[in-house]
Amino acid sequence: MSAASNLRSEDQFLCSICLDVFTDPVSTPCGHNFCKTCITQHWDINQRSQCPMCKETFYTRPQLRVNTLLSEMVAQFCHEAQQKASSSSSEQQAAKPGEVLCDVCTGTKLKALKSCLVCLTSYCQTHLEPHLTTKGLKRHQLVEPEENLEGRMCTKHDKPLELFCKTDQTCVCMLCPVLDHKNHEFVPLSEEYEGKKAELGKTEAEIQQMIQKRRLKIQQIRESVKMSKDAADREEAEGVQVFTALMESVERGLKELMKEIKDKQEATEKQAEGLIKDLEQEVSELMKRSSEVEQLSRSEDHLHLLQSFSSLKAAPPTKDWTEVSIHPPSYEGTVVRAVAQLEDTLRKDMKKLFEAELRRVQQYAVDVTLEPDTAHPKLILSDDGKQVHDSDVTKELPDNPERFSQCVCVLGKQSFSSGRFYFEVQVKGKTKWTLGVARESINRKRIITLRPQDGFWTVWLRNGNEYEALDDPSVCLCLQPGPEKVGVFVDYEEGLVSFYDVDAAALIYSFTGCSFTHKLHPFFSPCPNYGGKNSAPLIICPVNQTESISD
């Protein structure tokens, strides 16, 4: 008989009691075969001799003898199965670290393909064969290789975990509902598996969405860093250009100063050299005449002296040097004038620089309108929400939480919690005003203190010509003439609030190092009317790109 035919009929070599290959097979009078130990123990337990297969009862326990033929066939079957297992094992590779091992293999352990929840054993391909071909073993539940098979068994009843208790949210065996989980709701593991798998699918989708959002945020951050790097490079290049031009202006001014001083000194030296040359010539002529006169005066010959006197050369013409002098050039004010000229050059360069900066911030212009619900009852707002002035008359208005009740102020309708924004306000004709930005959470019902720690970043005018940046401490500003139009620029992330004189293209003041954590609103206070002395309105103006201002 071939090994193949033996393996195809191997279920006839299995004991129906232990479901394993016969050990010492014996035959009952009814013709059924069992392991000698299995049938003996079965009859001992049941206390009567009955065939487990056909249920025939033997009133006298039969004398059991080993079936020699069947025993030899079983031995041959086991031998051939072992040879096949050895051959198959040689073709398989040993299990790698982390893989589940076959519990049956002796010597080199092979990788397990399946685990049996009934046998609580893991099998390689060869040792799994009986579970795939034998009728009795086919009923066993096979799962993917599991190292901890005991974890799939109920610890109380030693039965496979096949149900899910929805009440206690735990896996249980078939006996648990009867003994320990009475009146609980149960479903098969497969049903709960499908539900949980659907939840996991939803969770996985949510996680993937979160991952996508974070990857997008990473990309945005990287783009922001790149934009920052590009802006830093541009600013650095512009800074190098500007300061190089300033240094060149300083060096050029110094050279011009040195040349002016040198030219003055050289002109003085040249004039002095000419005068000295003329004087030395006259001195030479006079010394020659002095020698002749001295020589004649020493003569004691009366006739010779008288005759020679008349023949003396006439005195050479000389210049009256009484009023002649060298006046050293005045250097007073030379350095001052040079510095003033340099200052004028620097002022022009600074104006060009501020013009460029103002043009950049004007690119972030936003359309700002006034929020009527925040306006103090004395304030009059235009229909388009672009102008505000004080009326000196308190109107009857709802005292909503947003409205200023003590200070004549109003907020812009728009709020900002990120990015950059810019707006311009005309202050022409006013003797008192306050402008800037404020936190949305500021106190609006009491007298307010305009300072950064209270949520205000503002600049004001008082008494017609006194300007202050309301920092901590306040900073007096020298603005002559004062601005007629003020630009306000905010960089939320940078923590920067800057004020500009739009017409002069000049920086008024900057709050730096601010920490913004709330929404910001444009802040306006036209201040009291004072009987018409301060009646001009604050006007939110459309932003026009600043053009180069002629010197």
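Conventions and cut-offs
Residues numbered from 1 in each chain as written. Predicted model: local features only at pLDDT ≥ 70, side-chain atom pairs only at ≥ 80, totals over all residues. Heavy atoms only, no water. Pairing = 2+ DSSP bridges. Helix = DSSP H or I, 4+ residues; strand = E, 2+ residues; numbered from the N terminus. Axes fitted to C-alpha atoms, helices over the stretch in contact; angles between N-to-C directions. Contact = heavy atoms within 4.5 Å. Salt bridge = Lys/Arg side-chain N within 4 Å of Asp/Glu carboxyl O. Buried < 20%, exposed > 50% of the residue type's maximum accessible area, 1.4 Å probe, protein only. Phe/Tyr/Trp six-rings, centres within 6.5 Å; stacked < 30°, edge-to-face > 60°. Arc of directions from axis to C-beta.

Enquirer: What is the right way to read the sheet that holds strand E23 (residues 538-541) from this model?
Expert: In a beta sheet, neighbouring strands are held together by backbone hydrogen bonds and run either parallel or antiparallel to one another. Pairing within the open sheet is antiparallel, and its seven strands lie in the order E11-E12-E23-E14-E19-E20-E21. The two strands at the open ends of the sheet, each matched to only one other strand, are strand E11 (379-381) and strand E21 (506-511). Between one strand axis and the next, the sheet turns by 20° as a mean value, whatever way the strands run. For strand E19 (residues 485-491) and strand E20 (residues 496-501), the ladder comprises six bridges, and the chain directions are antiparallel. Within E20, the position partnered with Asp491 by the bridge is Leu496. The sheet strands contacting helix H9 (residues 334-362) are strand E14 (420-426), E19, E20 and E21, and the helix crosses E14 at an angle near 110°.

Enquirer: How should the pattern of salt bridges be read in this particular structure?
Expert: Pairing is possible between side chains of opposite charge, provided their charged atoms come close. Enumeration according to the criterion identifies 17 salt bridges in this entry. Between Lys264 and Glu260 there is a salt bridge, and its shortest N-O distance comes to 3.8 Å. Of the two residues, Lys264 and Glu260 both sit in helix H7 (residues 189-297), four residues apart, roughly one turn of that helix. Judged by its relative accessible area of 32%, Glu260 is partly exposed. Ionic pairing is found between Asp491 and Arg420, a salt bridge with its closest N-O pair at 2.9 Å. On the criterion of sequence distance, the pair formed by Asp491 in strand E19 and Arg420 in strand E14 is long-range, its members being 71 residues apart. According to the relative accessible area criterion, Asp491 is buried, its value standing at 9%. On the basis of relative accessibility, which here comes to 43%, the residue Arg420 falls in the partly exposed class.

Enquirer: What am I meant to see in the packing of aromatic side chains here?
Expert: Each aromatic ring pair is summarised here by two numbers: the centre-to-centre distance and the angle between the ring planes. Taken as a whole and judged by the stated rule, the model has twelve aromatic pairs. Ring geometry for Trp43 versus Phe58: centroids 6.4 Å apart, planes at 70°, classification edge-to-face. Taken together, the positions of Trp43 in helix H2 (residues 36-46) and Phe58 in strand E4 (residues 57-58) put the pair 15 residues apart, joining distant regions of the chain. Of the two residues examined, Trp43 and Phe58, each falls in the buried class. An aromatic cluster is present here, built from Phe404, Phe456 and Phe523 joined pairwise through their rings.

Enquirer: In this structure, what is going on with H2? I would like to understand it.
Expert: Turn by turn, an α-helix covers 3.6 residues, leaving residues three or four places apart pointing in a common direction. Of the residues making up H2, those classed as buried are Cys38, Ile39 and Trp43. Take H2 and look down its axis: the buried residues cluster within an arc of 125°, on one side only. Against strand E1 (25-27), strand E2 (33-35), strand E3 (49-50) and E4 lie the buried residues of H2.

Enquirer: Honestly, the environment of Asn400 in this entry has me stumped. Any pointers?
Expert: Secondary-structure assignment places Asn400 in the loop between strand E12 (387-390) and strand E13 (410-411). Residue class for Asn400 comes out buried when judged on its relative accessible area of 15%. Along the chain, Asn400 and Glu248 lie 152 residues apart, while their C-alpha atoms are 61 Å from each other. Sequence-distant contacts of Asn400, that is, excluding residues within four places in its chain, are made with Asp373 and Lys445.

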